[in-house]
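# Fold and geometry: a report
This is what each chain is made of:
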Amino acid sequence: MLIKDAPAGLVRSLHWYNPSMDNATDEPLVSVIRERYQHVLGQIADAAARSGREAGSVRLVVVSKSQPLEVVRAAIAAGALILGESYAQEAIVKIAALPETAVEWHMIGHVQSRKADLVARYFSMLHSLDSVKLAARLDKYCDELGRILPVLLEVNVSGEESKFGFPAWDEGHWQDLESAVEQIMAFSRLRLHGLMTMPPFFDDPGQTRPYFQRLRLLQVFFEKAFPQTDWAELSMGTSSDFITAIEEGATYVRVGQAILGPRPI
Ligand SMILES: *Cc1c(COP(=O)(O)O)cnc(C)c1O
């Protein structure tokens, strides 16, 4: 009997057994992550309830970028349903190593056009569509694969130069975004479902509230301008501010360190 086929109890009872020998999960790590995951789910449910929303209206993306494979494996064993990655190249190594899992992989980071094929091939959803050029590349690869890719438009609501996303910090210029949206809507293999943003970092999570509110207002603006398109999803909020984001209407929160611990450097 191969060790990977042995009953888990038997495997654990083998004192010489070293988990790194096969794909077994690290049980202590799983239980730590499970506890944090459940805690965050509880915080999500509380924040949703306070805002008069169903807990199920907010989905939790567990951000596994920069985390090693054993942490990703433990996150899945702990119950994570959606994993968020920021670097296509790094992500596909993990995706290839975990072929039998049912998790959804979401791309949440900036995608270089030359990595568009990886996103089209391996991801369930893209949160960070930040240019028409990228949209065109994705559409082409999705067409070759015969698939539809759900996407969110990433917008920059702060004006910070370090942030990706369509410029949306100035309400007076929101109309200028309409032509990009029209072009993106015209790609038959991409389905727009809403907006995503990454506000500036503050020690006090309350300070991100105006940025989340701005994303919500932009959603209303686009709902009026393009009522034929689905704008329902708002991907906003990380470990430091996901509760505020839910209070302001988030439907996806992207939480990494609060569940998986600090990212290795
Ligand atoms: C890293 C990252 C997150 C998660 O940040 P944490 O502090 O680990 O919760 C969320 N969204 C994006 C776009 C990220 O790059």
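Above this text sits the structure in question.
Computed from a predicted model, the values in this text were never measured in an experiment. (Residues numbered from 1 in each chain as written. Predicted model: local features only at pLDDT ≥ 70, side-chain atom pairs only at ≥ 80, totals over all residues. Heavy atoms only, no water.)

## Section: the overall build of the protein chain
Rules: Numbering of helices and strands runs from the N terminus, with a helix taken as a DSSP run of H or I at least four residues long and a strand as a DSSP run of E at least two residues long. Radius of gyration here is computed from C-alpha atoms only, and the compact-globule reference equals 2.2 Å multiplied by the residue count raised to the power 0.38. When accessible area is computed with a 1.4 Å probe and restricted to protein chains, residues below 20% of their type maximum are described as buried, those above 50% as exposed, and intermediate ones as partly exposed.
Within the protein chain one finds 10 helices and nine strands. Here the C-alpha atoms of the protein chain give a radius of gyration of 20 Å, agreeing with the 18 Å that 2.2 N^0.38 yields for 265 residues. Its C-alpha atoms give the protein chain principal-axis dimensions of roughly 65 × 45 × 35 Å. For the protein chain, with 265 residues in total, the buried portion stands at 46%.

## Overview of the nonpolar core
Applicable threshold: Put simply, buried Ala, Val, Leu, Ile, Met, Phe, Trp, Tyr and Cys residues joined by side-chain atoms within 4.5 Å make one nonpolar core. Two residues qualify as a contact provided that any one of their heavy atoms is within 4.5 Å of a heavy atom in the partner residue.
Counting 72 residues, the largest nonpolar core has Leu-126 and Leu-153 as the members making the most contacts within it. Here the element with the most residues in this core is helix α2 (residues 27-50); it accounts for seven residues. Excluding anything up to four places from it in sequence, Leu-153 contacts His-127, Leu-129, Phe-166, Val-181, Ile-184, Leu-192, Gly-194, Leu-195, Met-196, Phe-222 and Trp-231. Counting residues in hydrophobic clusters, the runner-up holds six residues, among them Val-61, Met-125, Leu-152 and Met-196.

## Focus: the pairing of strand β4 (residues 125-129)
Selection criterion: Here, strands pair whenever DSSP counts at least two bridges between them. When the strands point away from the viewer, a crossover counts as right-handed if the path from the first strand over the helix to the second runs clockwise.
With five of its five residues buried, β4 lies for the most part within the structure. One ladder, built from two bridges, connects strand β3 (residues 104-107) with β4; its direction is parallel. Across the sheet, residue Met-107 finds its bridge partner in β4, namely Leu-126. A crossover links β3 with its parallel partner β4, the connecting element being helix α5 (residues 116-122), and its sense is right-handed. Here two bridges tie β4 to strand β5 (residues 149-156), and the two strands are oriented parallel to one another. Bridged to Leu-126 within β5 is Val-151. Running through helix α6 (residues 132-145), the crossover from β4 to the neighbouring parallel element β5 is right-handed.

## Concerning the packing of aromatic side chains
In plain terms, the rule: Under the pairing criterion, centres of Phe, Tyr and Trp rings, with the six-membered ring standing for Trp, must be within 6.5 Å; the plane angle then separates stacked pairs below 30 degrees from edge-to-face pairs above 60, leaving the rest tilted. A ring is considered to have a charge above it if a Lys NZ or an Arg CZ atom is located within 6 Å of its centre and within 35 degrees of its normal.
The final tally for this structure, using the stated rule, is six aromatic pairs. Relative to Trp-231, the ring of Phe-222 lies with its centre 4.7 Å away and its plane at 20°, an arrangement referred to as stacked. Owing to a relative accessible area of 0%, Phe-222 belongs among the buried residues under this scheme. Connected via pairs of aromatic rings, a cluster forms that spans Trp-174, Phe-221, Phe-222, Phe-226 and Trp-231. Positioned above the aromatic ring of Tyr-252 is the side chain of Arg-59, whose terminal nitrogen or guanidinium carbon lies 4.3 Å from the ring centre.

## Here's the deal with α2
To keep it simple, the criterion reads: Take the number of residues in a helix, subtract one, and multiply by 1.5 Å to get its expected span.
For α2, built from 24 residues, the straight-helix expectation of 34 Å at 1.5 Å per residue is met to within 8% by its first-to-last C-alpha distance of 34 Å. Three or more residues of α2 are buried, namely Val-30, Ile-33, Tyr-37, Val-40, Ile-44, Ala-47 and Ala-48. On its buried side, α2 packs onto β1 (59-63), α3 (69-77), α9 (242-247), β9 (252-255) and α10 (257-260). At the C-terminal side of α2, Gly-52 shows a positive phi close to 70°.

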